[in-house]
Amino acid sequence: MDVVLFGRKKTVAPETSPSDLDETRIPKHVAIIMDGNGRWAQKRHLPRVAGHKEGMNTVKKVTIAASHLGIKVLTLYAFSTENWKRSENEVNYLMQLPVDFFDTFVPDLVKENVRVNVMGYTDQLPKKTQTAVNNAIADTAHCTGMILNFALNYGGQAEIVTAIQKIAQQVVDGNQQVADITTDTVDQALMTAPLAPYNNPDLLIRTSGEERISNFLLWQIAYSELVFTEGYWPDFDDAELRRCISQFQQRDRRFGGVKQPKNK
Ligand code: IPE
Ligand code: IPE
Ligand code: MG
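Small disclaimer: the values here were computed from a predicted structure and weren't measured. (Residues numbered from 1 in each chain as written. Chains lettered and ligands numbered in written order. Predicted model: local features only at pLDDT ≥ 70, side-chain atom pairs only at ≥ 80, totals over all residues. Heavy atoms only, no water.)

1. Considerations on the confidence of the model for the protein chain
Interpreting fine coordinate detail is not advised for predicted regions of low pLDDT. Summarising the model, the protein chain shows a mean pLDDT of 93, and 91% of its residues fall at 70 or more. In this model, residues 1-5 is a region of pLDDT below 50 whose contacts with residues beyond four sequence positions or in other chains number 13 contacts. (pLDDT = per-residue confidence, 0-100. Contact = heavy atoms within 4.5 Å.)

See below:
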């Protein structure tokens, strides 16, 4: 529904109850730009990092909710290649968060049958963060349910540059013909390749009222449905996730074709 808020038209997810969701049309891959941790804290006269701590608890709740809804891949933007510009104190805190998160949450992930995947330039992370990530991946490797995919030191432009380098090297090595490079070749060279067949998000959510992509999955969101919510990430919850999915279910995804009959 469209409403006018302070003279600006905003799209607001309509109120829904769990029974409003069409269980047969749950988006398979949901990606979230978890934004607004700093503002959540500042509003409470707390240091920005208090927002990141609370945001971590939201990640736990939303992961369980997404898994119960039957989502196949939940991709969470946790740290961008541009977030190194923040203060040393904040960056250090953000690098410790995965350690604390996995320390306390891996048993729940295993219980939920959720497998952890991480995409990004993880070799540039502090050793303790790399160890925490690698242990979580190993400890959940046997899980066959939802994939919890963290974008950590991830940037869409850098990812595309890396993919171009990989493909160019294949050409140099004689393993790829230039004329044979297709969208599939690119898909396979991107960091989302291990998520196949759910490489591309069906639904992309950004919290906190900002309406931009901030270098998130640039190639992969070509046909994603975008939902922007007003609340800060620490206040996001199961009900808000359901409202976003309800909005998704009201969209007509046409992929360049013509209008599909409702409930395709
Ligand atoms: C998102 O919240 C978390 C990260 C980018 C790590 P922010 O820290 O960007 O919060 P705001 O946008 O400054 O409120
Ligand atoms: C995007 O949020 C990155 C993450 C959520 C990890 P930012 O807060 O860094 O984005 P900008 O700076 O507002 O575009
Ligand atoms: Mg932000």
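Next comes the rest of the description.
2. Structural notes on unusual backbone geometry
Put simply, Ala196 and Pro197 share a cis peptide bond, and its omega is 10°. Of note, the phi angle at Asn113 is positive, near 65°, even though the residue is not glycine. You can see Asn113 is positioned in the loop between α3 (88-111) and β5 (115-119). In this model, Ser214 sits at a positive phi of 50°, which is unusual for a non-glycine residue. Examined against the element boundaries, Ser214 turns out to sit in the loop between β7 (203-206) and β8 (225-228). Classification of Ser214 by relative accessible area gives partly exposed; the value is 31%. (Helix = DSSP H or I, 4+ residues; strand = E, 2+ residues; numbered from the N terminus. Buried < 20%, exposed > 50% of the residue type's maximum accessible area, 1.4 Å probe, protein only.)

3. Observations concerning the packing of aromatic side chains
Under the counting rule described, the total for this entry stands at 10 aromatic pairs. Residues Tyr77 and Tyr154 carry aromatic rings whose centres are separated by 6.1 Å and whose planes lie at 80° to one another, so their mutual orientation is edge-to-face. Taken together, the residues span a long stretch of sequence, with Tyr77 in strand β4 (residues 73-80) and Tyr154 in strand β6 (residues 147-154) at a distance of 77 residues. Owing to a relative accessible area of 7%, Tyr77 belongs among the buried residues under this scheme. Their ring planes at 80° and their centres at 5.5 Å tell us that Phe101 and Phe150 sit as a pair that is edge-to-face. Of this pair, Phe101 sits in helix α3 while Phe150 sits in strand β6, and the two are 49 residues apart along the sequence. Phe150 matches Phe101 in its accessibility class, with the two residues each being buried. Every member of this aromatic cluster is reached through a ring pair, and the members are Phe101, Phe102, Phe105 and Phe150. (Phe/Tyr/Trp six-rings, centres within 6.5 Å; stacked < 30°, edge-to-face > 60°.)

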